[in-house]
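# Summary of the model geometry
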Amino acid sequence: MSHSPEINEFIITADRAVKDALKIIDSNAQGTCFVVDQSGKLIGVVTDGDIRRALIDGKSVESKVMDVMQTKYTSLPVTTPIDQIQATITDRIRHIPLVDENNVPVDYASFTRAHRIPVMTPLLNGNELKYVTECITTGWISSQGAYVKKFEQVFAEYSAMQYGVAVSNGTVAIHLALVALGIGEGDEVIVPDLTFAASINGVIYTGATPVIADVDAETWTLSPEAVKKLITPKTKAIMPVHIYGHPCHMDELMAIAKEHNLLVIEDCAEALGALYKGQHVGSFGDAATFSFFGNKTITTGEGGMVLFKDENVCNKAMVLRDHGMSKQKRYWHDFVGFNYRMTNIQAAIGVAQLERLDEFVKAKRNMAAVYNAGLSVNTHITIPPEMEWAFNGYWLYTAIIDPKGGVSRDELIEKLMKNGVETRPVFYPLHAMPPYLEYVRNGQTFPVTDHLSRNGISLPSSVTISAEEQNSILKAVSAIFKTRKLNDSN
Ligand SMILES: Cc1ncc(COP(=O)(O)O)c(C=O)c1O
């Protein structure tokens, strides 16, 4: 019988000290270990709870494991059918040692091993299939078709912007918006240090020079103070990115733009549904861009949208999206354009997703409220911001871990993974990555982004996440901190 390698992270012999069991529990991050005798046979289990109770009862960390372990426990033969194993796992019995014919543990089953919680999954059980089927049965599968127009119209209306241009993803949305607004070589565009690389890449594609600004500690978004210091005669635009769902300081940024005659392109890829002082993000600037990648608040698989205020700019973007081909004269090209079109199939999914956007945003905010309540009791965790003027769309629930609590962000990621919880680190600062080093100005520092990037973790945030899943994530986080504390204090 072969051993699963993970079982070794659970085994302790009965004559070892309680402090050794604590180390094992801390390292496996599962709250339990399996106790064996000298010949390797299973004779008990010991949990962090057992140890805590034993210490209260006067035992010490030098006591032997055999004196604190439970001798009544559940184990199963490793040959047990999977459905029977799963039926035995409950909220109380979360780990089951699986033993060979000699009662030697060779593997284990756990609730989290059976149920992996992803960072994000789409929800596509509305009208998506019906509308896509219609595209297929009618043959309108390419980028002509009623759904593209409808998606653009309904999306622009929702966001309170005049014009919508559907495109193939959120990255080309940024590029197209900038080109349509006339940004190119010789121009400077200010972008936040904390964002997904597509924001800065879109600027570089145009030939313009990106200028990187730190974010502010309150909202994690583009700092108006930092922007002011970076303006030069070449500055043409600023790009507020509403990161993780929180709106930027739009009043301050729009005032700066007005004073210096700058264009504003809002990157709203992560903030559909978010409001700044009651107004939809994406409706402040000259253009706004969105992404409908599979992990976004609404998805079309891949997809994006640009919203514009000016009809002429929108018309130019529509031409550029379609190879730069004249709308009046077929196969006549006035510009070097692109093929950035969205298909009717993608738009059909988008229309169905939009029908449920309010419901999705509500689910996101509910998800965030549950995490906030569970995590804010931990003084070493900072929950995501929501300024009094903001309505956070909570696209991706992101918290900051203070390493002084004894658990680093990276350790938390690793241990949550062992508990079947997928997470994400916060983006690396743009200023630290090779393609963008040349855009950092002499003496520039980015303390806020550095801090957030080093210590930020994003938790599972699907609209489908259940109360049980969130509860098990919160329990796992709390157990990881508690075990570490107990371990360190001994
Ligand atoms: C802030 C931001 N901008 C732009 C994008 C690019 O969108 P896409 O992946 O659809 O190209 C993303 C996400 O993917 C993003 O998070």
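Residues numbered from 1 in each chain as written. Predicted model: local features only at pLDDT ≥ 70, side-chain atom pairs only at ≥ 80, totals over all residues. Heavy atoms only, no water.

## Let's talk about the domain arrangement of the chain
Here is the rule we go by: The start and end points of each domain follow an automatic or database-based domain assignment. Contacts are assigned to residue pairs that have any heavy atoms within 4.5 Å of one another. In short, buried area is how much 1.4 Å probe accessible area vanishes from two parts on joining, totalled over both. The rule for a salt bridge is simple: a side-chain nitrogen of Lys or Arg has to be within 4 Å of a carboxyl oxygen of Asp or Glu. Nitrogen and oxygen atoms within 3.5 Å of one another constitute a polar contact, given that in protein one can donate a hydrogen and the other can accept it, and given that sequence-neighbouring residues count only through two side-chain atoms. Secondary structure elements follow DSSP: runs of H or I of four or more residues count as helices, runs of E of two or more count as strands, with numbering from the N terminus. Residue polarity is assigned by list, with Asp, Glu, Lys and Arg as charged and Ala, Val, Leu, Ile, Met, Phe, Trp, Tyr, Cys and Pro as nonpolar; anything else, Gly included, falls into the polar class.
Along its sequence, the chain is carved into domain 1 (5-114), domain 2 (128-354) and domain 3 (357-488). Placing a centre on the C-alpha atoms of domain 1 and another on those of domain 3 gives a separation of 30 Å. Listed by partner, the interface residues are 16 residues for domain 1 and 13 residues for domain 3. Counting each side, the surface lost to burial between domain 1 and domain 3 is near 1300 Å², with a carbon and sulfur contribution of 48%. At the junction of domain 1 with domain 3, the criterion picks out 2 salt bridges. A salt bridge links Glu9 to Lys418, with the shortest nitrogen-to-oxygen separation between them at 3.7 Å. Connecting domain 1 to domain 3 are 5 residue pairs in polar contact (both at pLDDT 80 or more). Elements that contribute at least two residues to the side of domain 1 that touches domain 3 include exactly α1 (18-28) and α2 (48-56). The element best represented in the side of domain 1 that touches domain 3 is α1, accounting for 7 residues. Residues that form the side of domain 1 that touches domain 3 fall into these classes: 4 nonpolar, 4 polar and 8 charged.

## Comments concerning the sheet that holds strand β17 (residues 390-391)
Basically, it comes down to this: In this analysis, strands are considered paired if DSSP registers two or more bridges between them.
Strand order in this open sheet of 3 strands is β13-β12-β17, and the pairing throughout is antiparallel. Strands at the two margins of the open sheet, each flanked by one partner only, are β13 (279-280) and β17. Pairing analysis gives 2 bridges linking strand β12 (residues 275-276) to β13, with the strands arranged antiparallel. Each bridged residue has a counterpart across the sheet, and for Leu275 the counterpart in β13 is His280.

## Details of the site of the ligand
We count it as follows: One heavy atom within 4 Å of a molecule or strand makes the whole residue count as near it. Per-residue accessibility takes into account occlusion by the displayed protein chains alone, with areas from the Shrake-Rupley method and a 1.4 Å probe.
Neighbouring residues of the ligand: 15 residues in total, closest Gly170, Thr171, Asp267, Glu270 and Ser291. The separation between a nitrogen atom of the ligand and a polar side-chain atom of Asp267 is 2.7 Å. A distance of 2.6 Å separates an oxygen atom of the ligand from a polar side-chain atom of Glu270. Coverage of the ligand by the protein chains reaches 92% of its 380 Å² of free accessible surface. Those elements that provide at least two residues to the shell around the ligand are α7 (170-180) and α8 (198-206). With 3 residues, the top contributor of residues to the shell around the ligand is α7. Counted by class, the shell around the ligand contains 5 nonpolar, 7 polar and 3 charged residues.

## A short note on the packing of aromatic side chains
Here is the rule we go by: What counts as a ring pair is set by centres within 6.5 Å for rings of Phe, Tyr and Trp (its six-membered ring), and what kind of pair is set by the plane angle: stacked under 30 degrees, edge-to-face over 60, tilted for all other angles. Per-residue accessibility, obtained with a 1.4 Å probe over protein chains only, is compared with the maximum for each type, and a residue is labelled buried under 20%, exposed over 50%, and partly exposed between these values.
Considering all chains together, one arrives at 14 aromatic pairs under this definition. Look at Phe10 and Phe34: their rings are 5.1 Å apart centre to centre, the planes differ by 15°, and that puts the pair in the stacked class. A residue pair is termed long-range when its members are at least 10 positions apart, and Phe10 in the segment before β1 (11-13) and Phe34 in strand β2 (residues 32-36) qualify at 24 residues. Here Phe10 matches Phe34 in class, with each residue buried.

## Some words on the packing of helix α13 (residues 357-375) against helix α16 (residues 467-488)
When two helices pack together, their arrangement is given by the angle between the helix axes and the distance between those axes. The condition is simple: Fitting a line to C-alpha atoms yields each axis, with helices limited to the stretch in contact; the angle taken between N-to-C directions then spans 0 to 180 degrees. Relative orientations are named as follows: roughly parallel for angles under 35 degrees, roughly antiparallel for angles over 145 degrees, roughly perpendicular for angles from 65 to 115 degrees, and oblique for any other angle. Should the near helix be turned anticlockwise from the far one by less than a right angle, the crossing is termed left-handed; should it be turned clockwise, right-handed.
For the pair α13 and α16, interaxial distance at closest approach is 10 Å and the crossing angle is 25°. It follows that α13 is roughly parallel to α16 by the angle criterion. When the axes of α13 and α16 are compared, the crossing they make is right-handed. Contact with α13, carried on its side by Met367, Val370, Tyr371, Gly374 and Leu375, involves Gln470, Ile473, Leu474 and Val477 of α16 and no other residues of that element. Partitioning the contact of α13 with α16 into residue classes produces 7 nonpolar, 2 polar and no charged.

## Observations regarding helix α6 (residues 146-159)
For an α-helix the count is 3.6 residues per turn, leaving residues at separations of three or four pointing the same way. Using the following cut-off: For a helix, the expected span equals 1.5 Å multiplied by the number of residues minus one. This arc corresponds to the set of directions leading from the helix axis out to the C-beta atoms.
Over its 14 residues, α6 extends 20 Å from the first C-alpha to the last, a length consistent with the 20 Å expected when each residue adds 1.5 Å. For α6, the set of buried residues is Tyr147, Val148, Phe151, Glu152, Phe155, Ala156 and Ser159. With its buried residues spanning 155° around the axis, α6 presents them on a single face. Exposed side of α6, more than 90 degrees from the buried face: Ala146, Lys149, Gln153 and Glu157 are the residues found there.

## Concerning the pattern of salt bridges
Counting across every chain of the model gives 17 salt bridges. Taking the shortest distance from any N to any O, the salt bridge between Asp50 and Arg53 comes out at 2.9 Å. One end of the pair is Asp50 and the other is Arg53, both in helix α2 and 3 residues apart, which spans about a single turn. With relative accessibility at 49%, the residue Arg53 sits in the partly exposed group. Here Asp187 makes a salt bridge to Lys236, at a shortest N to O gap of 3.8 Å.

## Description of the sheet that holds strand β10 (residues 235-238)
Sheet architecture is open: 7 strands sit in the order β7-β15-β14-β11-β10-β8-β9, paired in mixed fashion. In the strand order of this sheet, the two ends are held by β7 (163-167) and β9 (209-213), each with one partner. Strand-to-strand twist of the sheet, defined as the mean angle between neighbouring strand axes without regard to direction, takes the value 25°. Note: β7 against strand β15 (residues 304-308), 5 bridges, orientation antiparallel. Looking at β15, one finds that Val165 is bridged to Val306. Lying over the sheet, helix α11 (residues 311-321) contacts β7 and β15, oriented at roughly 15° with respect to β7.

## Things to note about the packing of α1 against α16
Relative to each other, α1 and α16 sit at 150°, their axes nearing to 9 Å. Note that α1 runs across α16; the crossing there is left-handed. Contacts between α1 and α16 involve Lys19, Leu22, Lys23, Ile25 and Asp26 on the former and, on the latter, Thr483, Arg484, Leu486 and Asn487. In terms of residue class, the contact of α1 with α16 is built from 3 nonpolar, 2 polar and 4 charged.

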